[in-house]
Amino acid sequence: MTYAITQTCCNDATCVAVCPVNCIHPTPEERAFGSTEMLHIDPRACIDCGACADACPVDAIFPVDSLSAAQREYADINAAYYEGGEPDPDTTDGPNFHVWGEPVFGRSLPSDFGPLRVAVVGTGPAGMYAAQDLLLHTAAEVTLIDRLPVAGGLVRYGVAPDHPATKKVGDTFSRFHSHPRVRMHLGIEVGRDVTAEELAAHHDAVIYAVGASTDRRLGISGEDGPGCLSATSFVAWYNAHPEAVAQGVDLSAERVVVVGNGNVALDVARVLVADPEALAGTDIAAHALEALRASRVREVVVLGRRGPGDAAYTRSELLALKHLPGVELVVDDHDPRTGEAIDAAGAGDRAGLLRGLARVRTGAASPGPGRGADRRIVLRFHSEPVEILVDGDMRTVRVTDGDGDGDGEGAVDLAAGMLLRAIGYRGLPVPGLPFDEASGTVPHEGGRIAGLPGGYVVGWIKRGPSGGIGANRTCAAETVGTLLADAVAGTLPAPTGDAKAFRRLARRRNRRVVDARGLAAIDRAERDRGRRDGRPRVKLATVEELVATARAGRLLRLTR
């Protein structure tokens, strides 16, 4: 019996490090690493030890014999990765079918290397991978800072609630929140409460992991009207982000149009048509669950500007849609190029995954799902929005219908209650840091901020909004490696203040700062609320609730 990697693979390569026979690829040392959607286990070389499954932070690895019906395809996906690309077993010298590379030691710290004091701004995956690297491999003291009064970033507020396994990576990070060399200041915003200069003055180095918190725009008429939202806002709404509007998402019409065909587009489409009772067992926001229970949405049309072979979603996210109970997944064949691409695609090609799906024509009004399904998702390729029209309570999205030139000729009008744009994220400037407006990133060299000694970046603000959670691990390794090299070279500016001085400064500027004990109180309260409702947790959805719970938890501990 061998193991297989499945849908929730985060690509952080923790499993690679523990495999005793080098049967998981691509590894971080290989050129293909970061370019594949997931890692793969070679069934010929796997020795069934289970070390990878034990180490996986997102429960993505299972014995092939135990895969569910919806997961069985992953046994073939893992095996197909090695077809024709690996050495012949007879030509290798060793107990497995892979050649071990030479050991690589990318860092070398002198024996008298002293502890650094490093601030990490942002507690999402990028920031926490950087903090983890520093805490596990150096004697650094780490100050964790986040503008929200709770930690988690993308894991807490970006991962869809029906992906609980992916959220488990947060457990890996949370063990560092109470680390003896960590100081936590949540609810502090750089540029509002403290300046970048003040932060630098109290630390040897500062790593900015602030992500890409806004979205790209369509640039069409009607985009700023009612019923047109960014996927960023919608995801924040169903994940109980404290800056999201709890009311204001209109689900009273039968159709929603989603622009974009990346993983975020599939996430919002899936949540819109999923069975609310299935979502009731997740950590979805209480206000979102209530709205979805009353929703009239029966069809989500997902628009892709290019063809099915160029779709940005991963194979695993599409496969998940094909197994969604009560939901029919169909392809709109308004453009002949769509069907031609699907029919000509190989079994392993992205377009080939759509073979066998029903093909329909999307009209002005939603015809509803086919027999045996209550709701449906329509994948409409070679189509993009031209204009959003509003007439009273009626909303129409005008989309191109086959010519692909975007001039509106040959367009079709789709009646829709809401349009969600999911065409990419974009970083925002941080006061005091340089910023590239074209890319929405901070200019850097290997993570070192250009022209700012002691300043570093990691994650999407460094490389742009690409790559999933696991991609931040190698990204963080590069940035931390650059920081340590600068420390060894003696080029880091010396701080003028210490940790206690920064703590006094932070609390003087913001009286509602949450520390590690306050964060633990929030976690306990949310889990307690969840247990009462049969859910993993019920999130506190406002800044006021989060801060009050943190304070109450601290006072309770002090009185015991």
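Description of the structure in this document.

What counts as what
- Residues numbered from 1 in each chain as written.
- Predicted model: local features only at pLDDT ≥ 70, side-chain atom pairs only at ≥ 80, totals over all residues.
- Heavy atoms only, no water.
- Pairing = 2+ DSSP bridges.
- Helix = DSSP H or I, 4+ residues; strand = E, 2+ residues; numbered from the N terminus.
- Axes fitted to C-alpha atoms, helices over the stretch in contact; angles between N-to-C directions.
- Contact = heavy atoms within 4.5 Å.
- Parallel < 35°, antiparallel > 145°, perpendicular 65-115°, else oblique.
- Left-handed = near helix turned anticlockwise from the far one by under 90°.
- Core = buried A, V, L, I, M, F, W, Y, C linked by side-chain atoms within 4.5 Å.
- Buried < 20%, exposed > 50% of the residue type's maximum accessible area, 1.4 Å probe, protein only.
- Nonpolar A, V, L, I, M, F, W, Y, C, P; charged D, E, K, R; others polar.

## Here's the deal with the sheet that holds strand E12 (residues 299-303)
Taken in spatial order, the seven strands make up an open sheet running E10-E19-E11-E12-E15-E13-E14, and their pairing is parallel. Edge positions in the sheet fall to strand E10 (228-230) and strand E14 (358-360), since each of these pairs with one other strand and no more. Between one strand axis and the next, the sheet turns through 25° on average, direction left out of account. Strands E10 and strand E19 (418-421) of the sheet are contacted by helix H9 (residues 231-238), whose axis makes an angle of about 75° with E10.

## Quick word on the packing of helix H4 (residues 125-137) against helix H16 (residues 471-489)
Contact pair H4 / H16: the axes reach a minimum separation of 8 Å and the direction vectors enclose 55°. Considered as vectors, H4 and H16 are oriented oblique to each other. Seen along the crossing, H4 lies across H16 with a hand that is right-handed. Residues Pro125, Ala126, Tyr129, Ala130, Asp133 and Leu134 of H4 form the contact with H16, whose participating residues are Asn472, Arg473, Ala476, Ala477 and Val480.

## Description of the nonpolar core
The biggest cluster of nonpolar side chains holds 115 residues, and the ones touching the most others in it are Ile24, Ile207, Tyr238 and Leu379. Counting 21 residues, the second largest nonpolar core, distinct from the first, contains Ile145, Ile188, Ala196 and Val513.

## Topic: the packing of helix H10 (residues 263-273) against helix H13 (residues 315-322)
A pair of packed helices can be characterised by two numbers: the angle between their axes and the separation between those axes. Running from N to C, H10 and H13 cross one another at 20°; their axes reach a closest spacing of 10 Å. Looking at the two axes, H10 sits roughly parallel to H13. Crossing geometry of H10 relative to H13 is assigned as left-handed. On H13, the residues that touch Asn263, Leu266, Asp267 and Arg270 of H10 are Glu317, Leu318 and Leu321. Within the contact of H10 with H13, the residues separate by chemical class into three nonpolar, one polar and three charged.

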